[in-house]
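# Descriptive structure summary
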Amino acid sequence: MNPNSNAILTLCSHLCVGNGVMPLEPKEWGELAKLLMDASLQPCDIFDLSREDFKNTLSVSDEYTDRVFRLIDRNASLSFELSTLENVGITAVTRADKEYPQKLKKVLGNNCPPIFYVAGDISLLNHKYIGYVGSRTVSDDDIEFTKNTVTKTTALGYGVVSGGAKGIDTVSEERALELGAPIIEYLSDSMMKKIKKSNIIKAVANKKLLLLSVVKPDAGFNVGVAMMRNRYIYAQSSGTVVVKTELNKGGTWAGAVENLKHNWCSEMCWDKNGYQGNKALIEKGAIPINNDWNGDVESLEKQRNNDSGEQLSLFD
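Reading guide: rules and limits
- Residues numbered from 1 in each chain as written.
- Predicted model: local features only at pLDDT ≥ 70, side-chain atom pairs only at ≥ 80, totals over all residues.
- Heavy atoms only, no water.
- Pairing = 2+ DSSP bridges.
- Helix = DSSP H or I, 4+ residues; strand = E, 2+ residues; numbered from the N terminus.
- Axes fitted to C-alpha atoms, helices over the stretch in contact; angles between N-to-C directions.
- Contact = heavy atoms within 4.5 Å.
- Patch = residues over 30% accessible without salt bridge, like charges linked within 9 Å, V, L, I, M, F, W, Y side chains within 5 Å.
- Areas by Shrake-Rupley, 256 points an atom, 1.4 Å probe, with all protein chains shown as cover.
- Salt bridge = Lys/Arg side-chain N within 4 Å of Asp/Glu carboxyl O.
- Lys, Arg positive; Asp, Glu negative; His and termini not counted.
- Charge placed at Lys NZ, Arg CZ, Asp CG, Glu CD.
- Buried < 20%, exposed > 50% of the residue type's maximum accessible area, 1.4 Å probe, protein only.
- Core = buried A, V, L, I, M, F, W, Y, C linked by side-chain atoms within 4.5 Å.
- pLDDT = per-residue confidence, 0-100.

## Regarding the sheet that holds strand 6 (residues 209–213)
Taken in spatial order, the nine strands line up as 1-2-6-5-4-3-7-8-9 in an open sheet, and their pairing is mixed. Across the chains shown, the open sheet's two edge strands, defined by having one partner strand only, are strand 1 (91–94) and strand 9 (287–289). For this sheet, the mean inter-axis angle between neighbouring strands, taken without regard to orientation, is 25°. Where strand 1 lies against strand 2 (residues 115–119), four bridges are found, and the strand directions are antiparallel. Paired with Thr94 across the bridge in strand 2 is Ile115. Together, strand 3 (129–133), strand 4 (159–162), strand 7 (239–242), strand 8 (266–270) and strand 9 form the strand contacts of helix 7 (residues 140–155), whose direction differs from that of strand 3 by roughly 175°.

Laid out in structure tokens, this is it:
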């Protein structure tokens, strides 16, 4: 294992958490990483520092030093737990690994999590993707639109990135599998439970599905994680299609609004009559699409930019 990766896992993983062991959360890791960088140290150097050297070099408190060294003390048991996970097909990648999702690093920068747990062929990250998000409750029209749109985008060489939830996520992934396109799922639920399903086992074995999660593999559903994973879907994709969202409500709405604010990727929204949430996203800047869209994200974005430029020129 990469020595720096070992250090990040030791400090941030929620595996093997006993009494008095409090892993660093992503923001805390970012703060420590900056302290180490300012001191011309790498993460792996923590293993060679005494308590006093750690405290004095980084100018941290006794309490913080004790916390870090309790985490270091569990390194052996953590390594054993990681080996156990590898036996069932789950590995971990950190920001120190070349296999870490590079597109997320590029788009999200320091907001990337320090660790992802992974099941599947990590090289699938090198493919290009379109994100698909939407409601868990879907109509026949929603399903038909999603399938038709996935068919168009996969024909242009895009895979599907989604969250693996019921509804739009599942419909888009199933259609991609039918077409032989690669899929990335950013999970908010138990990876251990997921990889026991026969269809998942088959897709992973065929190198068509890659699962990633920021939480330990046996963790259950967490609303905060579900909200957070939306940004990974947008950041991983060349463009994301919002099929259906409720107005001012739910994870799909929150993720879509956040993407429009930060512009992580192009956001396309189905211009469906009667869908007030969709209409509001389009008013906020999402690109309207319908059944006539050919799936070409780049041309759509260029057209929007050109249209915006022409409008702006009227006021020069």
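Once the structure has been displayed, the description carries forward.
## Some remarks on a positive patch on the surface
Together, Arg136, Lys166, Lys193, Lys196 and Lys197 make up a region of like positive charge exposed at the surface. Overall, the relative accessible area of 42% leaves Lys197 in the partly exposed class.

## Some words on the nonpolar core
Judged by nonpolar contacts, the single largest core of 55 residues is most densely connected at Leu11, Leu32, Phe54 and Val241. Residue contacts for Leu32: discarding those within four places in its chain leaves Leu11, Leu24, Phe54, Leu58 and Tyr64. Core analysis: the second largest hydrophobic core is formed by 30 residues, Tyr100, Phe116, Ala235 and Ala256 among them.

## Overview of the confidence of the model for the protein
Of all residues in the protein, 96% have pLDDT values of 70 or greater, and the mean over the chain is 91. The low-confidence segment residues 308–316, where pLDDT is below 50, has zero contacts with residues more than four positions distant or belonging to other chains.

## What about the side chain of Arg74?
Of note, Arg74 is situated in the loop between helix 4 (62–73) and helix 5 (75–86). Buried charge without a partner: Arg74 forms no salt bridge, and the closest opposite charge is Glu25, 9.7 Å away. Apart from residues lying up to four places away in sequence, Arg74 is in contact with Leu9, Thr10, Leu11, Cys12, Ser13, Leu15, Cys16, Val17, Val21 and Pro23.

## Some details on the environment of Ala76
With respect to the helices and strands, the residue Ala76 is situated in helix 5. In this structure Ala76 comes out as exposed when scored by relative accessible area, which is 61%. Taking the C-alpha atoms as reference points, Ala76 and Ile200, 124 residues apart in sequence, are found 31 Å from one another.

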